[in-house]
Amino acid sequence: IGTAGDLADYFRIGIREARPRLAELVEEGRLLAAEVDGWSDPAFLHPGAVRPRSVSARALLSPFDPVVWFRPRAERLFGFRYRIEIYVPEPKRVYGYYVLPFLLGDQLVGRVDLKADRANSRLLARGVFAEEGVDMDFVAFELSIELDRLAGFLGLTDVVVPSRGNLAGALLSARRCAPPPPRPCRAAVGPAPPPSPPGVRPNRELLFAQARAPRAPPPHRAAGPEAPRAAPHSGRPAVAYTQLPPH
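Predicted model only: the values in this text are computed from it and were never measured.

## Observations concerning a nonpolar patch on the surface
Together, Tyr-10, Phe-11 and Ile-13 give the surface a local cluster of nonpolar side chains, amounting to about 330 Å² of exposed area. Within the fold, Ile-13 resides in the loop between helix 1 (4–10) and helix 2 (15–27). A relative accessible area of 31% places Ile-13 in the partly exposed class.

This is the structure in structure tokens:
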């Protein structure tokens with residue numbers, strides 16, 4: 001869903017060119033006119049859009065990811081104000097040099113200032129910040145897993161967390177395998193652990209091991225006609241990892 005301005009920006013065309021095209025699509029039934037509470041401009045919805053019961057997602061987003069690329073839309077959808085501070089003088093930066101938003105479920109819950117220290121094979125989380133009102137321990141637990149995943153993607157062997165940011169304390173505790181939050185991870189990479197009996201604390205090492213475990217390979221299929229492939233779009237926002245700056 002998006003306004004005329006959102007769609008014009010996404011397709012990199014001017015708003016004057018976009019408006020008559022959108023009117024044509026609505027007339028043809030290829031778009032639906034919609035209203036969103038709190039939005040001042042009318043919106044447009046794809047007729048095939050389905051509202052999921054829940055969203056299981058966990059990713060550090062590139063600054064150029066479609067979820068956050070058009071800043072006004074990100075603010076309207078998530079209440080998340082995001083600016084790239086690469087060209088801001090260091091004393092005036094709010095969050096850091098190269099900051100990635102953290103998507104968890106259907107919310108943007110935090111941001112991390114990251115640097116790849118390739119000489120020492122380390123991923124440096126130079127600043128970690130949670131949005132107001134989030135469950136700090138839960139977010140820290142999930143972010144810890146995602147930092148490990150990103151480090152592996154970049155070929156780095158270690159993750160270093162300093163003390164900068166309002167999420168730093170919770171993240172440091174998570175990195176020391178402090179007990180995770182009581183509710184299960186909504187986007188664990190791997191099977192969820194079975195619920196603990198009443199009065200029994202979950203095994204924190206087991207939780208971390210299961211969350212970080214690689215997915216099992218698909219079962220072997222006998223030779224025969226190939227089943228039709230599912231549509232490539234999974235309903236999850238497109239996520240683009242970027243090469244972190246080495247300096």
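## Examining unusual backbone geometry
In this structure, Arg-12 is a non-glycine residue whose phi angle is positive, near 60°. Within the fold, Arg-12 resides in the loop between helix 1 and helix 2. You can call Arg-12 exposed: its relative accessible area is 56%. Positive phi, normally seen in glycine, also occurs at Ser-121, with a value near 55°.

## Some thoughts on the environment of Ala-151
For Ala-151, the location among the structural elements is in helix 5 (residues 136–153). Between the alpha carbons of Ala-151 and Ser-121 there is a distance of 8.9 Å; along the sequence they are 30 residues apart. The residues touching Ala-151, leaving out its near neighbours within four places in the chain, are Leu-123, Leu-156, Asp-158 and Val-159.

## Digging into the sheet that holds strand 6 (residues 107–117)
With respect to topology, five strands assemble into an open sheet ordered 4-5-6-7-8, the strand pairing being mixed. Each having just a single partner strand, strand 4 (58–60) and strand 8 (158–160) make up the two edges of the open sheet. Here the average twist between neighbouring strands, direction ignored, is 30°. Across three bridges, the pairing between strand 7 (residues 122–130) and strand 8 is parallel. Its bridge partner lying in strand 8, Leu-124 is registered against Val-160.

## As for the packing of helix 5 against helix 6 (residues 168–175)
At a closest axis distance of 8 Å, the pairing of helix 5 and helix 6 adopts a crossing angle of 60°. On the basis of their axis angle, the class for helix 5 and helix 6 is oblique. As for the relative orientation of helix 5 and helix 6, their crossing is right-handed in sense. Contacts from Met-136, Asp-137, Ala-140, Phe-141, Leu-143, Ser-144, Leu-147 and Asp-148 of helix 5 reach helix 6 at Ala-170, Leu-171, Ala-174 and Arg-175. Here the residues of the contact of helix 5 with helix 6 are counted per class, giving eight nonpolar, one polar and three charged.

## Brief notes about the sheet that holds strand 3 (residues 43–45)
The strand order across the open sheet built from three strands is 1-3-2, with neighbouring strands paired in antiparallel fashion. Of all the strands in the sheet, just strand 1 (2–3) and strand 2 (32–34) have a single pairing partner and so form its edges.

## Side note on the confidence of the model for the protein
Of the residues in the protein, 71% have a pLDDT of 70 or more, and the chain-wide mean is 80. Within the protein, strand 5 (residues 99–104) carries the highest mean pLDDT (97), whereas helix 7 (residues 204–212) carries the lowest (46). Counting interchain partners and residues more than four positions distant, the pLDDT-below-50 stretch residues 178–211 has 48 contacts. Overall, residues 218–242 carries pLDDT values under 50, and its contacts beyond four positions in sequence, including any with other chains, amount to 26 contacts.

## Concerning the pattern of salt bridges
What the rule picks out here adds up to twelve salt bridges. Between Arg-30 and Glu-28 there is a salt bridge, and its shortest N-O distance comes to 3.2 Å. The class of Arg-30 is exposed, set by a relative accessible area of 52%. Linked through salt bridges whose partners overlap, the residues forming this network are Arg-58, Glu-142, Glu-146 and Arg-149.

## Some details on the nonpolar core
The nonpolar side chains of a soluble globular protein tend to be buried, and buried together. Residues Leu-60, Leu-114, Leu-123, Val-128, Leu-143, Leu-147 and Leu-167 are the most contacted members of the largest nonpolar core, which totals 31 residues. Going through the elements one at a time, strand 5, strand 6, strand 7, helix 5 and helix 6 are the ones with two or more residues in this core. The biggest single contributor to this core is helix 5, with seven residues. Once you skip the residues sitting within four places of it in the chain, Val-128 turns out to touch Arg-111, Val-112, Leu-143, Arg-164, Gly-165, Asn-166, Leu-167, Ala-168 and Leu-171.

## As for the pairing of strand 7
Buried residues dominate strand 7, accounting for seven of its nine residues. Looking at chain direction, strand 6 and strand 7 are connected through eight bridges and run antiparallel. Residue pairing in the sheet places Leu-114 in a bridge with Ala-125 of strand 7. Counting the residues that bridge the hairpin from strand 6 to strand 7 gives four residues, and of these Ser-121 lies at a positive phi of roughly 55°.

How each quantity is defined
Residues numbered from 1 in each chain as written. Predicted model: local features only at pLDDT ≥ 70, side-chain atom pairs only at ≥ 80, totals over all residues. Heavy atoms only, no water. Patch = residues over 30% accessible without salt bridge, like charges linked within 9 Å, V, L, I, M, F, W, Y side chains within 5 Å. Areas by Shrake-Rupley, 256 points an atom, 1.4 Å probe, with all protein chains shown as cover. Salt bridge = Lys/Arg side-chain N within 4 Å of Asp/Glu carboxyl O. Helix = DSSP H or I, 4+ residues; strand = E, 2+ residues; numbered from the N terminus. Buried < 20%, exposed > 50% of the residue type's maximum accessible area, 1.4 Å probe, protein only. Contact = heavy atoms within 4.5 Å. Pairing = 2+ DSSP bridges. Axes fitted to C-alpha atoms, helices over the stretch in contact; angles between N-to-C directions. Parallel < 35°, antiparallel > 145°, perpendicular 65-115°, else oblique. Left-handed = near helix turned anticlockwise from the far one by under 90°. Nonpolar A, V, L, I, M, F, W, Y, C, P; charged D, E, K, R; others polar. pLDDT = per-residue confidence, 0-100. Core = buried A, V, L, I, M, F, W, Y, C linked by side-chain atoms within 4.5 Å.

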